[in-house]
Amino acid sequence: MNMPVNVTIKNKGGRIVKDFSVSGPHGVERILLWIWRDLFLSLLARGLSSDKKKTAEMLESVEFMLDWTALERLLYGGKQCELFDMILCQQPDLLYLYSIVWGQ
Amino acid sequence: MTVATTMSLMMTMALTKIAKKMKTKEMKTKARMKMNAEGMKMRKTTDQTRRLRVSMAILILLVLLKMTCKEDESMSHSCRLHASHWTTLINNQRFRLRQIVEARLRSIFEVTPSLPLFMTILSISGNVPEAQQWLFSTISQNAPHTSETLVAALEIFAAETEVPRVLALLDSYSYLLRPRDAHSLQLATITISESPKYHARAIPIIIKELADSIREIHVAVRSVYSHIDEAKHQRELVEILKLRAGRVRRERMEAWVEAVSSPPGPMHPMALAAAMMMGLPIPPLGAQGEDPDVVAMLDLSPAHDRDLEDLREEFRPRLGERFDGWRKVANDTKGGSKLLADAHARAVKLMPFLRATDAVRALLTEYVLQFVFCLWE
């Protein structure tokens, strides 16, 4: 369960874009979600309009394989959003404050 | 395009600098204030000012975050949705991706709402007030549809301390709550009892739930000791409890337990329930020629099928856990100790054997013996 996994992602020019060193299946999930995010963004930026329409469907299959929490993690490149989680989950009252500051 | 980019970049940097300056300035004024305070020999920092400082710091943090992310929205650095290797073209798409994800999460929320999902949608949304309004109206609309949606609504409104909404739901739809939703109802009750305005409304809920728990435990006990409520056995118990501890008392107690026990036979589901409640091992049902499905249903592994939850509950109702939860709620509520004393009196009246630990122990021993006997046959 704790097998170390090292993955390096390089761009066309051979420059290292991202270096992952994770352990176990959960860590691999994180890498996959990171790749999914880049794929989705590229699709939305450069894909055909017919492909763009399929984005929602493809997201649903990611959700089907993992669960809905994976969709949130996908947005953050596989990571949980620590800062916001910390503030919002431990202090639900701050949600209100947060909505005042953030919203408008 | 490039000019615009550099312009916005410069703007970001300038704004971040200003923000930093503001921060250092504030720190300086804070330090000066501190020195002044010390000069005035106000050495004691009260909790209140400390709390104020913490909330000030959080506010500043949020404002700063907002500033950086606003820049980000106009295309640039340092946001949690961002990766450094993206080109502007790619970068600009992430708000669309966020929109799509939010739309998907909202459609899940419409069908299976839950507190974690609620928190997630709020945290990723680009327009929090709108999202919150949508979430509140959706959950209020769907709450009466099923037990699950009602539980989710209770949890959400309790977490957001929307006490009037919690009360409105409980007033109209509490019949939807199942015994296994006790934990959510307990959380909602704690929220109610903590609100200064509606505190009194928590009391009747606690009274009712304590009484219900005791009644159900009584039913479970009766299923194993079916003669326990008969007048002659009740009289005998009173006599035994008057005796001093010793051999005579022990022997009469054993005879009494034997007399009140249910006639032997295949284990009744409620007897099983009682066993589970007391944390005793359960006999292998298959050996008694029971339906193997029943065994599968009682499977204690965490990855069990959620569809069977209702049936499982009937066989394993976690009565002890539920009662204990309500006991804790009552303990945390103002005036709750009186309710607990009343509940205790009622429990002892229903089940007089609770007054003596040796009687409870004798009943349990008899139960274990029966269980072993069951295995033998």
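Keep in mind that this is a model prediction, so the values were computed, not measured.

Description of the overall build of chain B
For step 1, the next point in the chain: In terms of helices and strands, chain B carries 18 helices and 0 strands.
For step 2, the next point in the chain: Taking the contacts inside chain B whose residues are at least 6 apart along the sequence as the reference set, 61% of them involve residues at least 24 apart.

Some details on the pattern of salt bridges
Residue and element names in this part refer to chain B.
For step 1, the next point in the chain: This structure, assessed with the given rule, holds 17 salt bridges over all chains.
For step 2, the next point in the chain: The shortest N-O distance in the salt bridge between Glu-148 and Arg-178 comes to 3.4 Å. Residue Glu-148 is found in helix α7 (residues 147-159), and its partner Arg-178 is found in the loop between α8 (163-173) and α9 (182-194); the two are separated by 30 residues along the sequence.
For step 3, the next point in the chain: Glu-148 gets classed as partly exposed once you look at its relative accessible area, which sits at 43%.
For step 4, the next point in the chain: In this structure, Glu-251 engages Arg-247 in a salt bridge whose closest nitrogen and oxygen atoms are separated by 3.0 Å. Placement of both Glu-251 and Arg-247 in helix α12 (residues 247-260) is noted, with a separation of 4 residues, approximately one turn of the helix.
For step 5, the next point in the chain: We classify Glu-251 as partly exposed; its relative accessible area is 43%.
For step 6, the next point in the chain: Salt bridges linked by common partners bring Lys-208, Glu-209, Asp-212 and Arg-215 together as one network.

Some details on the packing of aromatic side chains
For step 1, the next point in the chain: Tallied over the entire structure, the rule returns 5 aromatic pairs over all chains.
For step 2, the next point in the chain: On the basis of an interplanar angle of 80° and a centroid distance of 5.5 Å, the ring pair of Phe-20 of chain A and Trp-34 of chain A is categorised as edge-to-face. Of the two residues, Phe-20 of chain A sits in strand β2 (residues 16-23) while Trp-34 of chain A sits in helix α1 (residues 24-46), which places them 14 residues apart along the sequence. Per residue, the accessibility class of Phe-20 of chain A equals that of Trp-34 of chain A, and both read buried.
For step 3, the next point in the chain: Consider the rings of Phe-109 of chain B and Trp-134 of chain B, whose centres lie 6.2 Å apart with planes at 50°: the pair is tilted. Remark: Trp-134 of chain B occurs in helix α6 (residues 128-142) and Phe-109 of chain B occurs in helix α4 (residues 94-111); sequence separation between them is 25 residues. As far as burial versus exposure is concerned, Phe-109 of chain B and Trp-134 of chain B are alike and both buried.
For step 4, the next point in the chain: Through successive ring pairs, a cluster of aromatic residues spans Phe-118, Phe-136 and Phe-157 of chain B.
For step 5, the next point in the chain: Over the face of the ring belonging to Trp-134 of chain B we find Arg-106 of chain B, whose NZ or CZ atom lies 4.8 Å from the ring centre.

What about the environment of Leu-66 of chain A?
All names here are of chain A.
For step 1, the next point in the chain: Take Leu-66: it is sitting in the loop between α3 (55-65) and α4 (68-75).
For step 2, the next point in the chain: Take Leu-66: its relative accessible area is 30%, and that puts it in the partly exposed class.
For step 3, the next point in the chain: Residues Leu-66 and Glu-29, 37 residues apart in the sequence, show an inter-C-alpha distance of 8.9 Å.

Some points on the packing of helix α10 (residues 202-224) of chain B against helix α17 (residues 336-350) of chain B
Residues and elements named next belong to chain B.
For step 1, the next point in the chain: Two elements in contact, α10 and α17, have axes separated by 10 Å at closest approach and are oriented at 20°. By the angle between their axes, α10 is roughly parallel relative to α17. The element α10 and its partner α17 pack so that their crossing is right-handed. Contact residues: Ile-203, Ile-206, Ile-207, Leu-210, Ala-211, Ile-214 and His-218 in α10; Leu-339, Leu-340, Ala-343, Arg-346, Ala-347 and Leu-350 in α17.

Structural notes on the nonpolar core
For step 1, the next point in the chain: Counting residues in hydrophobic clusters, the biggest one holds 84 residues, and the most contacted among them are Leu-105, Phe-109, Trp-256 and Phe-353 of chain B.
For step 2, the next point in the chain: Once residues within four sequence positions are removed from consideration, Phe-109 of chain B is found in contact with Ser-114, Leu-117, Phe-118, Ile-121, Trp-134, Leu-135, Thr-138, Ile-139 and Ile-156 of chain B.
For step 3, the next point in the chain: Among the nonpolar cores identified, the runner-up in size contains 6 residues, and Ile-9, Val-22, Ile-31 and Trp-34 of chain A belong to it.

Looking at empty space enclosed by the protein
All names here are of chain B.
For step 1, the next point in the chain: One pass over the full model with this rule turns up 2 cavities of 30 Å³ or more.
For step 2, the next point in the chain: Lining the second largest cavity we find His-218, Ile-228, Asp-229, Gln-234, Leu-237, Trp-256, Leu-350, Met-351, Pro-352 and Phe-353.
For step 3, the next point in the chain: For the lining of the second largest cavity, the residue count by class is 7 nonpolar, 2 polar and 1 charged.

Here's the deal with the confidence of the model for chain B
A low pLDDT score tells you not to read the predicted coordinates there in detail.
Residue and element names in this part refer to chain B.
For step 1, the next point in the chain: On average, residues of chain B score 71 in pLDDT, and 61% of them reach the 70 mark or higher.
For step 2, the next point in the chain: Note that residues 34-45 has pLDDT below 50 and, in this model, 3 contacts with residues that lie over four places away or in other chains.
For step 3, the next point in the chain: Here residues 282-292 is a poorly scored stretch, pLDDT under 50, and it has 20 contacts once near neighbours within four places are set aside; other chains count.
For step 4, the next point in the chain: For this predicted complex, the interface score ipTM comes out at 0.75, while the overall pTM is 0.63.

Considering the environment of Ser-114 of chain B
For step 1, the next point in the chain: Positionally, Ser-114 of chain B belongs in the loop between α4 and α5 (115-124).
For step 2, the next point in the chain: Note: C-alpha distance between Ser-114 of chain B and Val-151 of chain B (37 residues apart in sequence) is 8.3 Å.
For step 3, the next point in the chain: In contact with Ser-114 of chain B, not counting residues within four places along its chain, are Trp-68 of chain A together with Phe-109, Ala-152 and Ile-156 of chain B.

Observations concerning the side chain of Gln-186 of chain B
Residue and element names in this part refer to chain B.
For step 1, the next point in the chain: Note that Gln-186 resides in helix α9.
For step 2, the next point in the chain: You can call Gln-186 buried: its relative accessible area is 8%.
For step 3, the next point in the chain: Aside from chain neighbours lying at most four places away, what touches Gln-186 is Arg-322, Gly-325, Trp-326 and Val-329.

Some thoughts on a nonpolar patch on the surface
Residue and element names in this part refer to chain A.
For step 1, the next point in the chain: A cluster of nonpolar residues, Val-28, Leu-32, Ile-35, Trp-36 and Leu-39, forms a patch on the protein surface that exposes about 390 Å² of accessible area.
For step 2, the next point in the chain: With respect to the element layout, Ile-35 can be found in helix α1.
For step 3, the next point in the chain: For Ile-35, a relative accessible area of 31% puts it in the partly exposed group.

Definitions and limits used
Residues numbered from 1 in each chain as written. Chains lettered and ligands numbered in written order. Predicted model: local features only at pLDDT ≥ 70, side-chain atom pairs only at ≥ 80, totals over all residues. Heavy atoms only, no water. Helix = DSSP H or I, 4+ residues; strand = E, 2+ residues; numbered from the N terminus. Contact = heavy atoms within 4.5 Å. Salt bridge = Lys/Arg side-chain N within 4 Å of Asp/Glu carboxyl O. Buried < 20%, exposed > 50% of the residue type's maximum accessible area, 1.4 Å probe, protein only. Phe/Tyr/Trp six-rings, centres within 6.5 Å; stacked < 30°, edge-to-face > 60°. Lys NZ or Arg CZ within 6 Å of the ring centre and 35° of its normal. Axes fitted to C-alpha atoms, helices over the stretch in contact; angles between N-to-C directions. Parallel < 35°, antiparallel > 145°, perpendicular 65-115°, else oblique. Left-handed = near helix turned anticlockwise from the far one by under 90°. Core = buried A, V, L, I, M, F, W, Y, C linked by side-chain atoms within 4.5 Å. 1 Å grid on protein atoms, 1.4 Å probe; cavity = no way out; pocket = protein on both sides within 12 Å on 5 of 7 lines; lining within 4 Å. Points joined across faces, edges and corners; volume = space filled by probe spheres on them. Nonpolar A, V, L, I, M, F, W, Y, C, P; charged D, E, K, R; others polar. pLDDT = per-residue confidence, 0-100. Patch = residues over 30% accessible without salt bridge, like charges linked within 9 Å, V, L, I, M, F, W, Y side chains within 5 Å. Areas by Shrake-Rupley, 256 points an atom, 1.4 Å probe, with all protein chains shown as cover.

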